[in-house]
Structure formats: structure tokens, C-alpha cells
Amino acid sequence: MKKKVIIIGAGISGLTAGVYAQRSGFDVTIYEQHNIPGGLSTSWSRKGYFFEGGMHWLTGSSPKLALNRVWKEVGALKENNPIYTREILSSVVGGGKDGGDLHLYRNAEKMRDHFLENAPEDRKAVMRLYRDTKAFQKVHLPINDLFGVKTTKPCHPSLWELVSMAGAGLKYPVLTKETFEHYVNRFSNPNIRHLLSSLIGSRYNALSFVYSMGAFSSGDCGFPQGGSLRMAQNMADTFTSLGGTISYRSKVQKVAVENGKACGVYLNGALVPADSVIVALDSRTAVDTMFEPRLEEKWISKLRGVTTEQNLFFGLGIEADLSKYPFSIILPLETPFNVGGNTYSNLRLYNYAAMPGYAPEGCSTLTCLVMGDFYDWWKAKKDEGTYRAEKEKALADFIKIIENAFPETKGKTAASDLATPCTYERYTASYKGSWMSVWGPGGSSFIFPSASKSVEGLYFASERNQMPGGLPICAWAGRKAAQCLCRDNSMTFNCGE
Ligand SMILES: Cc1cc2nc3c(=O)[nH]c(=O)nc-3n(C[C@H](O)[C@H](O)[C@H](O)COP(=O)(O)OP(=O)(O)OC[C@H]3O[C@@H](n4cnc5c(N)ncnc54)[C@H](O)[C@@H]3O)c2cc1C
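This is a predicted model, so every value here is computed, not measured.

K.L.:
What exactly am I supposed to notice about the sheet that holds strand S1 (residues 4-8) here?
P.N.:
Strand pairing in a sheet is mediated by backbone hydrogen bonds. Such pairs are either parallel or antiparallel. Pairing is parallel across the open sheet formed by five strands, whose spatial order is S9-S2-S1-S13-S20. The open sheet terminates on both sides in strands that have one partner only, identified here as strand S9 (245-247) and strand S20 (458-460). Strand after strand, the sheet turns through a mean of 20° between neighbouring axes, direction not considered. Here four bridges tie S1 to strand S13 (residues 276-279), and the two strands are oriented parallel to one another. Bridging across to S13, Ile6 finds its partner in Val277. Its contacts with the sheet place helix H10 (residues 227-241) against strand S2 (27-31) and S9, and it is angled at close to 125° to S9.

Rendered as C-alpha cells:
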């Protein structure tokens, strides 16, 4: 008889672990509290407008990378979601020389030449960014097999792959110490600063920024068409077609542990038995809520100390055609935007007007991601009873900014939505509604264990397993948890065709 495995959470980490474990010969059930798969990686509709509320780029979309093989093996990338790789990453409309647009090009040479043309005074900073970007083009997340696990298709980085990453390694010590803000502030041109400063959150180190620039310029980090929901649904379909079961609207209360072994989960007050359990909700939440008594292992105190990245997501459905504007617009603000206790001097907008399926004919969907540390601020408003009013005010202020910047949108907002960290917390139980971990200047990047050190048959798969997290870590962590499971049960890890 097949061994029974329970996975808690049908986010991208849980689905990855589920596909591999089911295919490797286990009988897997995923319990998901929500009624759809995907967790934080999600999209939704409002009054005929489609809001992409998760993925904006997918690391591993390039077939040159080993991670791409993982995305394909778990069914995330199929024929129904081909990759769209845009040449211009973002633009400041009218922010260039002589009133033209200032662009951040994906191609490193184009980026260098365009910046030098627009800001010759920033030659030193431009050349540094160019050299760093080139050095990091070859750096990517290595995918390898766990020691001692048998697999149908072994996967290890080649010596050449490791050697080609070594050059960038020399830059690590300097870049990890420097703040992202400091790196960007070397540019005196204010629009280049705006263009670069909203690529990642302001609390990260310069390495995280340069790493992203290298990945983009290598041709990776495209966008699978159909976005988050289609990708998650593809994975869920792959899992169920292998015989796995997803039980939606099923909130697990606790992991059952007996005599030092995971033996199932508690659901609606009853024990659902299993031979192994993979915890695939945010492990930062899980270590504090899923175990009675609390799980105490050495790494957990480090996990509790991790700084988390949160965001506000604004979505507008507008009865105006904005397709003449670029897809990703950086909007410098003359009057700073005060929201959630933070102040912003620019906004990163995503304009889906030219993409089919996001809005009714002649209309546009516009979204905006504002990153920061504001869970406590929004939570306090909830406790005070002013949360709704604050949300309405934030949305009204945001709409005013958009109307000032794009006068054709005045009075044309037909749908609007704002997700705060409290929204993300409610729907996914992620810690403080966060979606990544901040790798700050001078800090270390932790890798947390995939298998419990004290409880047999207990595994963790979450973007939190390795800083700074995000979708590539979900694939890496889900795969690793499934490999630990195979290793501990003397099963062959089956990668599929
Ligand atoms: C706005 C936004 C934009 C983003 N953009 C990108 C991007 O462009 N590129 C990128 O790489 N990453 C991006 N991310 C980050 C990425 O989406 C997340 O890192 C990733 O989805 C986390 O996946 P996960 O499976 O580890 O966790 P989650 O998505 O949190 O999944 C956990 C699942 O467990 C379920 N669950 C929780 N508790 C229970 C319980 N008790 N019982 C049953 N089920 C439970 C939840 O409902 C959820 O479905 C973005 C995130 C956001 C919010």
C-alpha cells in the first residue's frame, strides 16, 4: 500500500512538493484553507477587470536554466502560458532627454548606452551598474539532488556552471554590505534613481538588486501569460491528474505528533492520519501556530528573527484606453504619497491596457505594488475600528494621483481594490501578510532545513526556506522537501518525462 502524505497548503511550494511526491509513489492529499490554489501567487476579477495580484516576473522562465526544468516537471509552464519577455523593464514617461521617455532596458548594453545618453554626468555609476549586471548574468539558483536520494533524472550543476558564477562571487562581500538605496543614490539623475529604486524593496542590500538586474539581462524573468492563477491551476491540474487529491476550504488546525513522529493533522477537531506531513504554509507562521507543544529547534530562533517584506496592492479598472503608455511605469511624485505610515516619492504602476483579457474593450487595468513594513500600522487600524475608512482614504488618494498623472482617467474609475498585509494574512496565513524575506545590508542569507531535526516524517516547503524567497525558492523548497521524503522512505524521486 502507498504511504500517505499530507501537505498543508496549495501555494506554489505545496503544489511543487505535491506533484513530485505523488509522482514518486506516495498517496498525497493537499489541504488548502482557500477555495483556489496558488496562495500568495494569485489573481482575481472585479467588475470585468482582471487584477494580477501576484507574479510580475518568473525566475526560471528561461529554458537555459535548470530551474526551468523544475517548472516544467511540475506542470507550471505549459502550452497555455507561453512566456512573454519584454525588452523594456520599466519607464519614466517623459523622464528622458528632451522630454522623451527614460527606459530601463533588459539588455545590459542598451541600458548602459541609454543611461549614458540621458545622463552623461553619471558615467561612473552607469558603468558600475553595467559591469555588475554583466557579472551577475551567469548567477542563478543551482538545482541539485540531495545526497543519498535516487532519482529518475539526476540534476547537478556542471563544473562550468559553478566556475562561471565564481566571478560574481568576488563582488558579494561589497554588495551584501551596501544598501540598495546607497547603490542607487550614486546616480545624480533623479529619474534614473526613480527608475531603479522601485525594482525591489528599499530595505534590501545592493546584492539583491544586482542579482535581479543580472537575471533580467540574461533573458530570464519573463511573464507566463495568464499570470499567477493560470500557473497555479496548471500545477493543481498536474497534481490531480497524477492521482493526488486537493481538499479546498480545509483549514488544518495542528500537525499531530506522537512519540517524536508526525502522524497526521487535525482538521475540524478530528485526526486525519498520515505517514508524513509536509508543512507548506508560511513556515514562519507554522512554527508558532501548528504545533502543540511548540516546535523548538535551533534554526527556528533564526527564522523568527527574519525581517519580512510586505506590500499594498492597488488595482484600478479604468474606462479609458491607456495602451499608448508603457507596461511598467515609474511615476515620480511631486507631492509624496503617505500611506500605511510610510512615505513614497515614486510609484511603480503596471498598465495591462495592451494585454488581452484584462479589461473590457477600450478600457484598462492599472495596478500598483507599494512595498514596505506596514503590517503593524494596518493591524492597529483594524483594532481601532478605522481599517475600512483608512483603506477607502488610501484608495481615494491613489486614484487622485493617477488622475493627475493621466488626465484621461478623471472620473473614469469603474472598479477599485486595495489589498493590505491584513488581506494577505487573512487569505494565506502568511506571517504579517508578508510575501518575501528581506536580505538587508550586512545580514546573512539563511537556508532553513527542509526536514525537521526532532520530529520524524515532518518536512517544510515554503518560500521562507531560503532568503529572500519568492517563486524560485518555492520550486526549490518543494522539490527538496519531496526529495527528503523519498530519501527517508527509500523511494526513487520521480521527475517525470
Ligand atoms: C503582490 C505580490 C507580487 C509578487 N510578485 C512576485 C514575482 O513577481 N516573482 C516572484 O518570484 N515572487 C513574487 N511574489 C512572491 C510569491 O508570490 C510568494 O513568495 C510565493 O507565492 C509564496 O508561496 P508559498 O507556497 O511558499 O506560500 P503561500 O503562497 O503563502 O502558500 C501557502 C498556502 O497555505 C495555505 N494555508 C495556510 N495556512 C493553512 C492551514 N492552516 N490549512 C490549510 N491551508 C493553509 C494558504 O491559504 C496558502 O494557499 C509576489 C507576491 C505578492 C503578494
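Once you've had a look at it, read on.
K.L.:
Could you clarify how one ought to interpret the environment of Trp378 in this entry?
P.N.:
Looking at where Trp378 falls in the secondary structure, it is placed in helix H13 (residues 375-384). Note: C-alpha distance between Trp378 and Leu146 (232 residues apart in sequence) is 42 Å. Aside from chain neighbours lying at most four places away, what touches Trp378 is Leu312, Val339, Gly340, Tyr387, Glu390, Lys391, Ala394, Leu418, Thr420, Pro421 and Cys422.

K.L.:
Quick question: what am I supposed to make of the pattern of salt bridges here?
P.N.:
Where side chains of opposite charge bring their charged atoms close, a pairing between them can arise. Going through the model one piece at a time under the given rule, you end up with 26 salt bridges. It is possible to trace a salt-bridge network through shared partners that takes in Arg128, Asp132, Lys171, Glu178 and Arg186.

K.L.:
Whenever I open this one, unusual backbone geometry confuses me. Can you help?
P.N.:
Excluding glycine, a negative phi dihedral is what most residues carry, and trans is how most peptide bonds are arranged. The amide bond that connects Glu292 to the next residue, Pro293, takes the cis arrangement and shows omega of 0°. Within the element layout of this structure, Pro293 appears in the loop between helix H11 (283-289) and helix H12 (298-304). The omega torsion of the bond from Met467 to Pro468 falls at 0°, within 30 degrees of zero and hence cis. Relative to the elements of secondary structure, Pro468 occurs in the loop between S20 and helix H16 (471-488). Here the phi dihedral of Asp98 falls at roughly 55°; this positive angle occurs in a residue that is not glycine. With respect to the helices and strands, Asp98 occurs in the loop between strand S6 (88-92) and strand S7 (102-105). The phi dihedral of Ala429 is positive, around 65°, even though this residue is not glycine. Among the secondary structure elements, Ala429 is positioned in the loop between helix H15 (421-428) and strand S19 (436-437). Assessed through its relative accessible area of 22%, Ala429 is described here as partly exposed.

K.L.:
I'm lost on the site of the ligand in this one. Help?
P.N.:
Around the ligand, the surrounding shell holds 36 residues, and the nearest of these are Ser13, Glu32, Leu40, His56 and Trp435. The backbone of Ile12 places a nitrogen or oxygen atom 3.1 Å from an oxygen atom of the ligand. Contact with the protein chains covers 97% of the free accessible surface of the ligand, which is 1,000 Å². Of the residues that constitute the shell around the ligand, the class distribution is 18 nonpolar, 15 polar and three charged.

K.L.:
Where do I start with empty space enclosed by the protein in this structure?
P.N.:
To find the voids left in a structure, one rolls a probe of water-molecule size over its atoms. In total, this model carries one cavity of 30 Å³ or more according to the counting rule given. Its boundaries defined by the atoms lining it, the largest cavity holds a volume of some 30 Å³.

K.L.:
I'm lost on the sheet that holds strand S12 (residues 270-273) in this one. Help?
P.N.:
Read from one edge of the open sheet, three strands run S10-S11-S12, paired in antiparallel fashion. Whereas interior strands pair on both sides, the edge strands pair on one side only; in this sheet they are strand S10 (252-258) and S12. Averaged over all adjacent pairs, the angle separating strand axes in this sheet is 35°, with direction ignored. As judged from the four bridges shared by strand S11 (residues 261-267) and S12, these two strands associate in the antiparallel manner. Within the sheet, the bridge partner assigned to Leu267 lies in S12 and is Ala270.

K.L.:
Would you take a moment to explain the packing of aromatic side chains for this structure?
P.N.:
Think of a pair of aromatic rings as described by two things: how far the centres are apart, and how the planes are tilted against each other in angle. Per the counting criterion, the structure on display carries 20 aromatic pairs. When the centroid spacing of 4.8 Å and the interplanar angle of 70° are considered together, the rings of Tyr325 and Phe406 count as edge-to-face. Here the residue Tyr325 occupies a position in the loop between strand S14 (308-318) and strand S15 (328-339), and Phe406 occupies one in the loop between helix H14 (387-405) and strand S18 (413-419), the gap between them amounting to 81 residues. Tyr325 gets classed as buried once you look at its relative accessible area, which sits at 18%. Consider the rings of Phe327 and Tyr352, whose centres lie 5.2 Å apart with planes at 85°: the pair is edge-to-face. One end of the pair, Phe327, is in the loop between S14 and S15; the other, Tyr352, is in the loop between strand S16 (342-351) and strand S17 (364-372), with 25 residues separating them in the sequence.

K.L.:
Explanation requested: the layout of surface pockets in the structure shown.
P.N.:
Of the pockets and cavities examined, the second largest pocket occupies roughly 560 Å³. What lines the second largest pocket is a set of 25 residues, among which Ser197, Ser198, Ser202, Tyr344 and Asn346 lie closest to the centre. Going through the elements one at a time, helix H7 (180-184), helix H8 (190-197), S16 and S17 are the ones with two or more residues in the lining of the second largest pocket. In terms of residue class, the lining of the second largest pocket is made up of eight nonpolar, 11 polar and six charged. Each of domain 2 (87-141 + 154-218) and domain 3 (308-372 + 375-419) contributes no fewer than three residues to the lining of the second largest pocket.

K.L.:
Quick question: what am I supposed to make of the nonpolar core here?
P.N.:
Side chains of nonpolar character tend, in soluble globular proteins, to be buried together. Within the largest apolar cluster, 69 residues are counted, with the highest numbers of intra-cluster contacts made by Ile8, Phe115, Leu129, Leu196, Phe209, Val279 and Leu458. In terms of residue count, the dominant contributor to this core is helix H9 (residues 206-217) (seven residues). Three or more residues apiece are contributed to this core by two domains, here domain 1 (4-41 + 58-63 + 69-77 + 225-306 + 440-488) and domain 2 (87-141 + 154-218). For Val279, the contacting residues outside a window of four places in its chain are Ile8, Val255, Ala286, Phe291, Leu458, Tyr459, Phe460 and Ala461. With 49 residues, the next largest nonpolar core counts Ile12, Ile30, Met55 and Ala451 among its residues.

K.L.:
Hey, could you run me through H8 in this one?
P.N.:
Residues of H8 that are buried: Asn191, Ile192, His194, Leu195 and Leu196. Sitting at the amino-terminal end of H8 is Asn189, which places a side-chain oxygen 2.9 Å from the backbone nitrogen of Asn191.

K.L.:
Any chance you could explain the domain arrangement of the chain here in plain terms?
P.N.:
Reports of interface size often rely on the accessible area that becomes lost once the parts have come together. By domain assignment, the chain separates into domain 1 (4-41 + 58-63 + 69-77 + 225-306 + 440-488), domain 2 (87-141 + 154-218) and domain 3 (308-372 + 375-419). Between domain 1 and domain 2, the C-alpha centre-to-centre distance is 33 Å. Between domain 1 and domain 2, the residue contacts involve 10 residues of the former and 10 residues of the latter. Buried surface at the junction of domain 1 and domain 2, both sides included, amounts to about 720 Å², of which 64% is carbon and sulfur. Counting the surface domain 1 buries against domain 2, the share from its top three residues, Arg69, Gly440 and Pro441, is 47%. One can count zero salt bridges joining domain 1 with domain 2. Between the two partners, domain 1 and domain 2, sit one residue pair in polar contact (both at pLDDT 80 or more). By residue number, the principal contributor to the side of domain 1 that touches domain 2 is H16, which donates four residues. Of the residues in the side of domain 1 that touches domain 2, the class split is five nonpolar, three polar and two charged.

Thresholds, definitions, all that
- Residues numbered from 1 in each chain as written.
- Predicted model: local features only at pLDDT ≥ 70, side-chain atom pairs only at ≥ 80, totals over all residues.
- Heavy atoms only, no water.
- Pairing = 2+ DSSP bridges.
- Helix = DSSP H or I, 4+ residues; strand = E, 2+ residues; numbered from the N terminus.
- Axes fitted to C-alpha atoms, helices over the stretch in contact; angles between N-to-C directions.
- Contact = heavy atoms within 4.5 Å.
- Salt bridge = Lys/Arg side-chain N within 4 Å of Asp/Glu carboxyl O.
- Buried < 20%, exposed > 50% of the residue type's maximum accessible area, 1.4 Å probe, protein only.
- Near = heavy atom within 4 Å.
- Polar contact = N/O pair within 3.5 Å; in protein donor to acceptor, adjacent residues only side chain to side chain.
- Areas by Shrake-Rupley, 256 points an atom, 1.4 Å probe, with all protein chains shown as cover.
- Nonpolar A, V, L, I, M, F, W, Y, C, P; charged D, E, K, R; others polar.
- 1 Å grid on protein atoms, 1.4 Å probe; cavity = no way out; pocket = protein on both sides within 12 Å on 5 of 7 lines; lining within 4 Å.
- Points joined across faces, edges and corners; volume = space filled by probe spheres on them.
- Phe/Tyr/Trp six-rings, centres within 6.5 Å; stacked < 30°, edge-to-face > 60°.
- Domains from an automatic or database assignment.
- Core = buried A, V, L, I, M, F, W, Y, C linked by side-chain atoms within 4.5 Å.
- Buried area = accessible area lost by both parts, 1.4 Å probe.

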